[in-house]
Amino acid sequence: MRIPPVLMYHSVSSSTAPDPHRVRVAPRRLDAHLRLLRRLGLRGVSLGELVASQDRGTADGLVGLTFDDGYADFLAHAMPVLARHGMGATLYVVAGRLGGHNAWDDGPRLDLVGADDVRAVAAAGLEIGSHTLSHVPLAGATPDVLRHEVEGSRKALEDLLQAEVRGFCYPWGIFDEAAADAVREAGYDHACVTGDYLPGDRWTLPRAYVAPGDTALHLMAKLTRHHLRMRGAGAEAA
């Protein structure tokens, strides 16, 4: 599926604490990234809006903005920046760890959004997507684990929001054919990975990781590389 660039963020915080997993982008840097998009005549949107626009043939000028893991700092630091620039985004939350912390990493511990936070993000018009129940790798997982993590997380979030949850994100961006099949069969409309361009269908959409130190020039390079790789992936698929 040919699709405009999708950027992948995680935590947004001004903290100077150790960040060994390189998940933290400062609010001022996110602001600079969104200002660049505006200067280029681009608008950041949720992945759901991006896919729907691509289906309609109206995706020109859009860029997907996604935030993985559901860190609690999203509300205080990312949402005001997004609102200031009039842009949307998708927040992928780990449905079985709401109000907890990132236990899948070996430290430091970061707080995750709670149930009320998830409702507040959705009420603000941003998309909530599933990032499984417990952030386990899905490649090589058994059918029972896939069903539990993929279907279970969607049901939990839909019960919480009383609304359909259409988007999914594979933990660590890792997937295999069985995982992608499980996501499709669970009824998700779209799903995203990290950096892969093939098969690049609706349930394995590629994204560009945004690092803590990425400047506007780095972002420009990611946008350019996406267009080149999409062209190359399209040629290979043909």
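As shown above, the structure is provided for reference.
So, a few notes on the structure that sits alongside this text.

Definitions and limits used
Residues numbered from 1 in each chain as written. Predicted model: local features only at pLDDT ≥ 70, side-chain atom pairs only at ≥ 80, totals over all residues. Heavy atoms only, no water. Helix = DSSP H or I, 4+ residues; strand = E, 2+ residues; numbered from the N terminus. Rg over C-alpha atoms; globule rule 2.2 N^0.38 Å. Buried < 20%, exposed > 50% of the residue type's maximum accessible area, 1.4 Å probe, protein only. Contact = heavy atoms within 4.5 Å. Areas by Shrake-Rupley, 256 points an atom, 1.4 Å probe, with all protein chains shown as cover. Lys, Arg positive; Asp, Glu negative; His and termini not counted. Charge placed at Lys NZ, Arg CZ, Asp CG, Glu CD. Axes fitted to C-alpha atoms, helices over the stretch in contact; angles between N-to-C directions. Parallel < 35°, antiparallel > 145°, perpendicular 65-115°, else oblique. Left-handed = near helix turned anticlockwise from the far one by under 90°. Nonpolar A, V, L, I, M, F, W, Y, C, P; charged D, E, K, R; others polar. Polar contact = N/O pair within 3.5 Å; in protein donor to acceptor, adjacent residues only side chain to side chain.

**Structural notes on the overall build of the chain**
Alright, step 1. The helix and strand inventory of the chain stands at 7 helices and 10 strands.
Alright, step 2. Against the 2.2 N^0.38 benchmark of 18 Å for 238 residues, the chain shows a C-alpha radius of gyration of 17 Å, consistent with a compact globule.
Alright, step 3. When the 238 residues of the chain are sorted by exposure, 53% land in the buried category.
Alright, step 4. Long-range pairs, those at least 24 residues apart, make up 66% of the contacts in the chain with a sequence separation of at least 6.
Alright, step 5. A total accessible area of about 10300 Å² is found for the chain, and carbon and sulfur atoms account for 52% of it.
Alright, step 6. Within the chain, one finds 25 positive and 29 negative side-chain charges whose respective centroids are separated by 8 Å.

**Let's talk about the packing of helix α3 (residues 73-85) against helix α4 (residues 115-123)**
Alright, step 1. Relative to each other, α3 and α4 sit at 20°, their axes nearing to 10 Å. The angle between α3 and α4 places the two elements in the roughly parallel class. Both α3 and α4 take part in a crossing whose hand is left-handed. Contact residues: α3 offers Phe74, Leu75 and Met79, while α4 offers Asp117, Ala120 and Val121.
Alright, step 2. When the residues that make up the contact of α3 with α4 are grouped by side-chain class, the tally is 5 nonpolar, no polar and 1 charged.

**Thoughts on the environment of Arg22**
Alright, step 1. Inspection of the secondary structure assignment puts Arg22 in the loop between β2 (11-12) and β3 (24-25).
Alright, step 2. For the pair formed by Arg22 and Pro212, sequence separation is 190 residues and the distance between their alpha carbons is 6.2 Å.

**Remarks on the side chain of Asp189**
Alright, step 1. As for its placement among the helices and strands, Asp189 is situated in the loop between α6 (177-185) and β9 (190-192).
Alright, step 2. Here the side chain of Asp189 touches His190 through a polar contact of 2.9 Å, side chain to side chain.
Alright, step 3. Not counting chain neighbours up to four residues away, the residues in contact with Asp189 comprise Val51, Arg166, Arg202 and Trp203.

**Notes on unusual backbone geometry**
Alright, step 1. The step from Gly107 to Pro108 runs through a cis peptide bond, and the omega angle for that step is -5°.
Alright, step 2. Counting through the fold element by element, Pro108 comes out in the loop between β6 (90-93) and α4.
Alright, step 3. Phi is positive for Asp69, which is not a glycine, with a value near 85°.
Alright, step 4. Within the secondary structure, Asp69 sits in the loop between β5 (62-67) and α3.

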